[in-house]
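# Notes for the structure review
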Amino acid sequence: MKQIASIMAVFAVTGLLMFGCGSTPGDDAADVIRQHADVTEQFVNNLENAHSAQDVAGAVDAYTAGMQELVPLIQGLNEKYPGYKDGKIPKELEKEAERLEDLSVRMPAAMMKTASYMMDPAVQKAMENMSNEMAKIGQ
């Protein structure tokens, strides 16, 4: 359960970091956010459809791989748009923000569905790898 809570917290922080960027983001921000939404949507879909520990570990590993590509881009956006504002989303990003918000509503149920697989060593390793990768965003 602790891993589920930490993953949810990382997901929330990532969303806030990405959507809090300056008032006029460039196409680069929109592209990164769109990619993040794509990776996250696939993750949620895979978790919702998981029927085994192998399915869960695969979903987590795929999400981690997708985020590994995005982490440097997210870090770049954090540097480029340092003026984060609480919940104020630039108009250019509203569509993807809504999409990620919808996914964040689905995420807890998807994660809870997989709770019975959390004691599996492959799932634990996948969750650890994901936590380590997501921690890089906060650096």
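To be clear, the structure that these remarks concern was listed above.
Please read all numbers here as calculations on a predicted model, not as lab measurements.

About the thresholds
Residues numbered from 1 in each chain as written. Predicted model: local features only at pLDDT ≥ 70, side-chain atom pairs only at ≥ 80, totals over all residues. Heavy atoms only, no water. Helix = DSSP H or I, 4+ residues; strand = E, 2+ residues; numbered from the N terminus. Expected span 1.5 Å × (residues − 1). Bend = angle between axes of the 7 residues up to and from the residue. Salt bridge = Lys/Arg side-chain N within 4 Å of Asp/Glu carboxyl O. Buried < 20%, exposed > 50% of the residue type's maximum accessible area, 1.4 Å probe, protein only. Phe/Tyr/Trp six-rings, centres within 6.5 Å; stacked < 30°, edge-to-face > 60°.

### Some details on helix H3 (residues 53–80)
- An ideal rise of 1.5 Å per residue puts 40 Å on 28 residues; H3 measures up with 39 Å between its terminal C-alpha atoms.
- At Leu70, H3 shows its largest bend, some 40°, and a proline, Pro72, comes one to four positions later.

### With respect to the pattern of salt bridges
- Under the defined criterion, the tally for this structure stands at four salt bridges.
- Ionic pairing is found between Arg99 and Asp38, a salt bridge with its closest N-O pair at 2.5 Å. On the criterion of sequence distance, the pair formed by Arg99 in helix H4 (residues 94–113) and Asp38 in helix H2 (residues 27–48) is long-range, its members being 61 residues apart.
- Here Asp38 falls in the partly exposed class, since its relative accessible area comes to 39%.
- With its nearest N and O atoms 2.6 Å apart, the salt bridge here joins Arg106 to Glu48. Of this pair, Arg106 sits in helix H4 while Glu48 sits in helix H2, and the two are 58 residues apart along the sequence.
- For Arg106, a relative accessible area of 27% gives the class partly exposed.
- Where salt bridges share partners, they join Asp38, Glu41 and Arg99 into one cluster.

### Quick look at the packing of aromatic side chains
- Tallying each qualifying case throughout the model produces one aromatic pair.
- Where Phe43 meets Tyr63, the ring centres are 4.4 Å apart and the plane angle is 20°; that geometry is what we call stacked. Of this pair, Phe43 sits in helix H2 while Tyr63 sits in helix H3, and the two are 20 residues apart along the sequence.
- Classification of Phe43 by relative accessible area gives buried; the value is 2%.
- By relative accessible area, Tyr63 is classed as buried at 3%.

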